[in-house]
Amino acid sequence: TPPAAFLSPRPPPPCAFDAMGGAGSIAKAPGPCAAVVDVGPPRAASLPASVAEAGGVAKWNAQNADLSRLQVMLDGMCRATTVDEALAEVNAVMSMGHNLWAYAYMRTLYKKLPEVYYGCLLAKPAMLLPVVYTPTVGEACQKFGKMPLPRRGCYIALKDKGNVKSVIEEYAAAELKKDADGKYLCDCIVFSDGGRILGLGDLGTWGMGIPIGKLDLYTVCAGVNPYRTMPVIIDAGCTAADGNADRIVVRDHELYTGMKQDRTKHKSEAGTDVNSAYYEKESFIGEFMQAATDVFGKTCLLQFEDFNSNDAFPLLAEYRKKFLSYNDDIQGTAAIAVAALMGAAKLRRPDCTDLIAELRKESFLFHGAGAANLGILALLCNEAGVPKSQLVVTNSRGVIWASEDGSEGNFRNNEQKEFGQVGEPSYEAKELTSIIENVKPTSLVGAVGVAPNCFDQKVIEAMLNANGEVRPAIFALSNPKTKAEVTAKDAYTWSKGAVIYGSGTAMEGVTIDGKTFAPAQVNNVYIFPGVSFGAISCQASEIPERFFMVAAQAVANSLNDEDMKVDRILPHPDRLREVGLNVATAVVLEAQALGLAGKTLGATDGEIKEALKALMWVPGKP
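As the structure is a prediction and not an experimental result, all values here were calculated from the model.

Whenever I open this one, the environment of L100 confuses me. Can you help?
Relative to the helices and strands, L100 resides in helix α6 (residues 99-112). Since its relative accessible area comes to 14%, L100 is described here as buried. The residues touching L100, leaving out its near neighbours within four places in the chain, are T136, E139, A140 and K143.

How should the sheet that holds strand β15 (residues 443-446) be read in this particular structure?
Strand pairs in the sheet, formed through backbone hydrogen bonds, run parallel or antiparallel to each other. Pairing in this open sheet of seven strands is mixed, and the strands run β12-β11-β10-β15-β16-β17-β20 from one edge to the other. Looking at which strands have only one partner, the edges of the open sheet turn out to be β12 (398-399) and β20 (520-521). Note that strand β11 (residues 391-395) and β12 share two bridges and pair antiparallel. Counted as the bridge partner of N395 is G398 from β12. Where helix α14 (residues 328-348) meets the sheet, it contacts β10 (364-367), β15, β16 (473-476) and β17 (500-503), and its direction lies at approximately 150° from that of β16. Sheet contacts for helix α16 (residues 371-382): β10, β11 and β15; angle to β10, the most-contacted strand, approximately 160°.

Got a minute to help me understand the pairing of β17 in this structure?
A regular strand carries its side chains on alternate faces of the sheet. Covered by surrounding structure in β17 are I500 and G502 together with Y501 and S503, the residues of both alternating faces. Sheet topology note: the β16/β17 ladder contains four bridges and is parallel. Directly across from A473, in β17, lies its bridge partner I500. Tracing the backbone out of β16, into helix α20 (residues 488-495) and back to the parallel element β17 gives a crossover that is right-handed.

Just to check I follow, could you spell out the sheet that holds strand β8 (residues 301-304) for this structure?
With parallel pairing, five strands are arranged side by side in an open sheet as β3-β5-β4-β8-β9. With one partner strand each, in any of the chains shown, β3 (154-157) and β9 (325-327) form the two edges of the open sheet. Each adjacent strand pair in this sheet contributes to an overall mean axis angle of 25°, direction not counted. Where β3 lies against strand β5 (residues 229-235), four bridges are found, and the strand directions are parallel. Residue pairing for β5: C154 is matched across the bridge by V232.

What am I meant to see in a negative patch on the surface here?
Taken together, E428, E431, E437, D456 and E461 make up a surface patch of like negative charges. We classify D456 as partly exposed; its relative accessible area is 33%.

Before we go on, may I ask you to explain the packing of helix α11 (residues 209-222) against helix α24 (residues 576-594) in this structure?
The geometry of a pair of packed helices is captured by two quantities: the angle between their axes and the separation between those axes. Contact geometry of α11 with α24 gives a least axis separation of 7 Å together with a crossing angle of 90°. Judged by the inter-axis angle, α11 sits roughly perpendicular to α24. Contacts between α11 and α24 involve T219, V220, C221 and A222 from the first element and L576, R577 and G580 from the second. In terms of residue class, the contact of α11 with α24 is built from four nonpolar, two polar and one charged.

Help me understand the nonpolar core, please; the structure alone is not making it clear to me.
Considering soluble globular proteins, one finds that nonpolar side chains tend to be buried as a cluster. With 181 residues, the main nonpolar core has M106, I189, F296 and L380 as its most contacted residues. In terms of residue count, the dominant contributor to this core is α14 (13 residues). In this view, L380 contacts V338, L341, L359, F364, F366, G385, V386 and L391; residues no more than four positions away in its chain are not counted.

Can you walk me through the packing of aromatic side chains in this structure?
In this description, a pair of aromatic rings is defined by centroid distance and the angle of the planes. According to the stated counting rule, one finds 18 aromatic pairs in the structure shown. With 5.4 Å between their ring centres and 85° between their planes, Y110 and Y117 make a pair best called edge-to-face. Taken as a pair, Y110 and Y117 share a single burial class, namely buried. Ring geometry for Y278 and Y279: centres 6.4 Å apart, planes at 50°, overall tilted. Across the ring face of F419, the terminal group of K388 is positioned such that the distance to the ring centre comes to 5.4 Å. In this structure, K515 packs its charged tip against the face of F517, placed 5.1 Å from the ring centre.

Analysis parameters
- Residues numbered from 1 in each chain as written.
- Predicted model: local features only at pLDDT ≥ 70, side-chain atom pairs only at ≥ 80, totals over all residues.
- Heavy atoms only, no water.
- Helix = DSSP H or I, 4+ residues; strand = E, 2+ residues; numbered from the N terminus.
- Buried < 20%, exposed > 50% of the residue type's maximum accessible area, 1.4 Å probe, protein only.
- Contact = heavy atoms within 4.5 Å.
- Pairing = 2+ DSSP bridges.
- Axes fitted to C-alpha atoms, helices over the stretch in contact; angles between N-to-C directions.
- Right-handed = clockwise from strand over helix to strand, strands pointing away.
- Patch = residues over 30% accessible without salt bridge, like charges linked within 9 Å, V, L, I, M, F, W, Y side chains within 5 Å.
- Areas by Shrake-Rupley, 256 points an atom, 1.4 Å probe, with all protein chains shown as cover.
- Salt bridge = Lys/Arg side-chain N within 4 Å of Asp/Glu carboxyl O.
- Lys, Arg positive; Asp, Glu negative; His and termini not counted.
- Charge placed at Lys NZ, Arg CZ, Asp CG, Glu CD.
- Parallel < 35°, antiparallel > 145°, perpendicular 65-115°, else oblique.
- Nonpolar A, V, L, I, M, F, W, Y, C, P; charged D, E, K, R; others polar.
- Core = buried A, V, L, I, M, F, W, Y, C linked by side-chain atoms within 4.5 Å.
- Phe/Tyr/Trp six-rings, centres within 6.5 Å; stacked < 30°, edge-to-face > 60°.
- Lys NZ or Arg CZ within 6 Å of the ring centre and 35° of its normal.

Here it is in structure tokens:
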């Protein structure tokens, strides 16, 4: 039994923040930051089966000696009742140099005092977002079952087919509030099947850390009300250790919470392996999305997250117009990459006012043909109007090509074929430096996931030689840092500061010949919170690709002089909430212009921005 001092709650102080997350006067606080514990109405159907069989979350955590002791340790570590106290505690934990413990601390803080938790994230976003989300969340998911299981999160398994609505209703009854008409309040759901967690592969139900973390960023970066959100894991099974990048035992671990069975798959018409349950006449994904809409209404946003790309593309195509939905891995990643490419264009030409037109003048080489790069290609081609002849992409077989009639080629699926070069290349198309010498791209974008450090010194030098006096952009988008195609230090050092660099994982600044370079993290966090908040706030009927193009422009146009001085292609992360508001404003303007908004928020940019600012949630707000 833990010491009583660790469990006895102290009276929490009031909280006060303005709409942009800044601390306000305590005297003006609307109410106290209520302390909570990880208990609530009993749940069974919306928990993983093994947890339900154990008698619930508390009993699951108590039945294992390691989980039980860790819970005591974390509860003892997390004694803060104010934002300042919590920041001091998490700083102390972070001083140890390994942020997994800081992640566990922050999850414990959320369990005890969610308002203080969000207050910390709002106070120090640049410091703490890498703790609660990427890059730390990758390791956290790999070890999710080895940490005390949180109550937060709804689990829907294949065994629930035909009964999904009742599972959602159980979760809603236990965890969400109702409006005056008795309708459960949920503005957005982030759902994943854990099939492709970051670049780490299949982690099954241990992937719950992603929907939880994603929704926290909705709140911190755009003001989405956290008490009106729902993280969901679709449990469709999990592959063995050879199904994840680091060969970690997940499915067969004693603390794995999901179904201990492999995924049932079949070959699609495109020849790819897909989850069979998603494509049956009564699709499990279709049942889930319809059930969520039935319970929460058609304005509830349903965001796909970390599905294997073989499923991600066809599922998005099937459901994007049937529900208020999008896939952040495809569309959000595309938008932030395009925003970063626009930022690179601004660094080359600070006086440029038409960034889309500037993109059309460039050529691009994409190394890797997964969901991320294919999404970027689609946005550049379909919304920015970059000709396909200026877009080259590789897979493990080299530069992707297809015969004129599409019957031959080295593509793996239809999405790859769409962006294949017409006819087999006449040059050595499997070696990067050869490809660069022949294509002469102004930008090189890596999102391979399985080839760390593949942008070696020869590749950097080839990019410099191919561009002459023009500064080439080189993006290493693979996560986590150990998977990056090239580090910031190497890219800047090998090029003597000539390249424009961005990475998927945060990298430290580099000084070359007295000039400091601050590499930007090309992370969807600049995009998805604002896109979602804008769509929710104006009650959009759908989320077209155009929303992501205007979102990218809004991010690039948020760059200021300080960013430009240090070669940062995206705004400083301390300004994420400001950027989120700019993105949401652009999305609402576009939704109204396209006739997709169910609710008009204003006639001008300024009116819409003020209306959105009033809707942004902050600690202390109901």
